[in-house]
Amino acid sequence: MTIMSLEFSLAVNEEKRRMAKTRLGYSGGVTEAAIAYKETKETMKKADEMFLETVGERRAHQPSQSAIGMTGDDDDPTKDREAEFILQCIENFFELFEAGEVDEAALIAAHSPKGVLRTTETVDMMKKYDATHKDSSVTVAYWEALIPTVAAGCMKPSIWETLECVKCLLKKGRSDLLFHWIAQDLLSLSEEAGTLILDACHCSGRMYYS
């Protein structure tokens, strides 16, 4: 782990402790889920990968350290600001979600830098919210915010994301969105996703996707 990513990890943990102290007495399930989520290895792994990628890209365009001496990558103020931006994004997501502004939280998660909030934990939080709020469709709002970003050059949904998206849209009766995104080649379809679509359409036969 790089020094900067270690500092970022410590910053997240410190922020978690601060938020927990200011919310003593509030026992809402969302708060507990938020605190647990901030400690997940997946989120921190994504943050660490982001820093490693940034360092690698910068070093690829610099002269060797043997020629110019130590470059002081770990003291780069740009990376400090980048870490602060990601931390702020994570904090805003949880604050909005806990405040019940779930659609806004979904938008932040879908557009999070380097996809740091595009995790199974995020999707599970939204699914649980929908399950406990009769008229909620925050999971659909999340996919509606995320999938169009692919056309703008952002990371294409992974196979597991696509599968969750397919399940969500079929359950919510939004096959119109699903077929539109399939036609635009914005999803990473798998055999399992194809089977779900065929079953929902009452079609015969099987379809395989590479």
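Residues numbered from 1 in each chain as written. Predicted model: local features only at pLDDT ≥ 70, side-chain atom pairs only at ≥ 80, totals over all residues. Heavy atoms only, no water.

1. Some points on helix α10 (residues 159-171)
Along its 13 residues, α10 runs 18 Å from first to last C-alpha, staying within 8% of the 18 Å computed at 1.5 Å per residue. Looking at α10, one finds that the buried residues are E161, T162, L163, E164, C165, V166, C168 and L169. Buried residues belonging to α10 abut α7 (120-132), α8 (138-146), α11 (175-183) and α12 (191-200). In the stretch just after α10, G173 is the one whose phi turns positive, near 70 degrees. (Helix = DSSP H or I, 4+ residues; strand = E, 2+ residues; numbered from the N terminus. Expected span 1.5 Å × (residues − 1). Buried < 20%, exposed > 50% of the residue type's maximum accessible area, 1.4 Å probe, protein only. Contact = heavy atoms within 4.5 Å.)

2. Things to note about the side chain of E164
Mapped onto the fold, E164 is located in helix α10. Those residues in contact with E164, other than ones at most four positions away along the chain, are V123, K127 and W143.

3. Brief notes about α8
With seven of nine residues buried, α8 is to be regarded as a mostly interior element. The set of residues buried in α8 consists of V138, T139, V140, Y142, W143, A145 and L146. Close packing links the buried residues of α8 with α6 (102-110), α7, α9 (148-151), α10 and α11.

4. Concerning the packing of α10 against α11
In the contact formed by α10 and α11, the axes pass within 8 Å of each other and the chain directions differ by 145 degrees. Residue-level contacts link C165, V166, L169 and L170 of α10 to S175, L177, L178 and W181 of α11. Residue composition of the contact of α10 with α11, grouped by class: seven nonpolar, one polar and no charged. (Axes fitted to C-alpha atoms, helices over the stretch in contact; angles between N-to-C directions. Nonpolar A, V, L, I, M, F, W, Y, C, P; charged D, E, K, R; others polar.)

5. Focus on the environment of F179
Note that F179 resides in helix α11. Spatially, the C-alpha atoms of F179 and I197 are 9.5 Å apart, while their sequence positions differ by 18 residues. Apart from residues lying up to four places away in sequence, F179 is in contact with I197 and C201.

6. Observations regarding the side chain of D130
Inspection of the secondary structure puts D130 in helix α7. Of note is the side chain of D130, whose polar atom sits 2.5 Å from the side chain of T139. With residues near it in sequence (within four places) discarded, D130 still touches S136, S137, V138, T139 and K172. (Polar contact = N/O pair within 3.5 Å; in protein donor to acceptor, adjacent residues only side chain to side chain.)

7. Here we look at the nonpolar core
Counting 39 residues, the largest nonpolar core has F93, F97, M126, Y142, W143 and W181 as the members making the most contacts within it. Looking at this core, the elements with two or more residues in it are α5 (77-98), α6, α7, α8, α10, α11 and α12. If one sorts the elements of this core by residue count, α5 sits on top with seven residues. Sequence-distant contacts of M126, that is, excluding residues within four places in its chain, are made with F93, F97, A106, A109, V138, T139 and Y142. (Core = buried A, V, L, I, M, F, W, Y, C linked by side-chain atoms within 4.5 Å.)

8. Details of unusual backbone geometry
Even without a glycine there, the phi angle at K114 is positive, about 60 degrees. By secondary structure assignment, the location of K114 is in the loop between α6 and α7. On the basis of relative accessible area, K114 is assigned to the partly exposed category, the value being 45%. Phi at D185 is positive, roughly 55 degrees, even though this residue is not glycine. Relative to the helices and strands, D185 is located in the loop between α11 and α12. On the accessibility criterion, D185 (52% relative accessible area) is exposed.

9. Re the packing of aromatic side chains
Here the structure, examined in full by the defined rule, presents four aromatic pairs. Aromatic pair F93 and F97: ring centres 5.9 Å apart, planes at 45 degrees, arrangement tilted. Taken as a pair, F93 and F97 lie in helix α5 at a separation of four residues, close to a single helical turn. There is no split in this pair, since F93 and F97 are both buried. Among the aromatic residues, those joined into a ring-pair cluster are F93, F94, F97 and Y129. (Phe/Tyr/Trp six-rings, centres within 6.5 Å; stacked < 30°, edge-to-face > 60°.)

10. Comments concerning the confidence of the model for the chain
Model confidence for the chain is summarised by a mean pLDDT of 76, while 60% of its residues fall at 70 or above. When the criterion is pLDDT under 50, residues 63-72 qualifies, and its contacts beyond four places in sequence or with other chains add up to five contacts. Across residues 204-210 the pLDDT falls below 50, and counting only partners more than four positions away or on other chains, this stretch makes 12 contacts in the model. (pLDDT = per-residue confidence, 0-100.)

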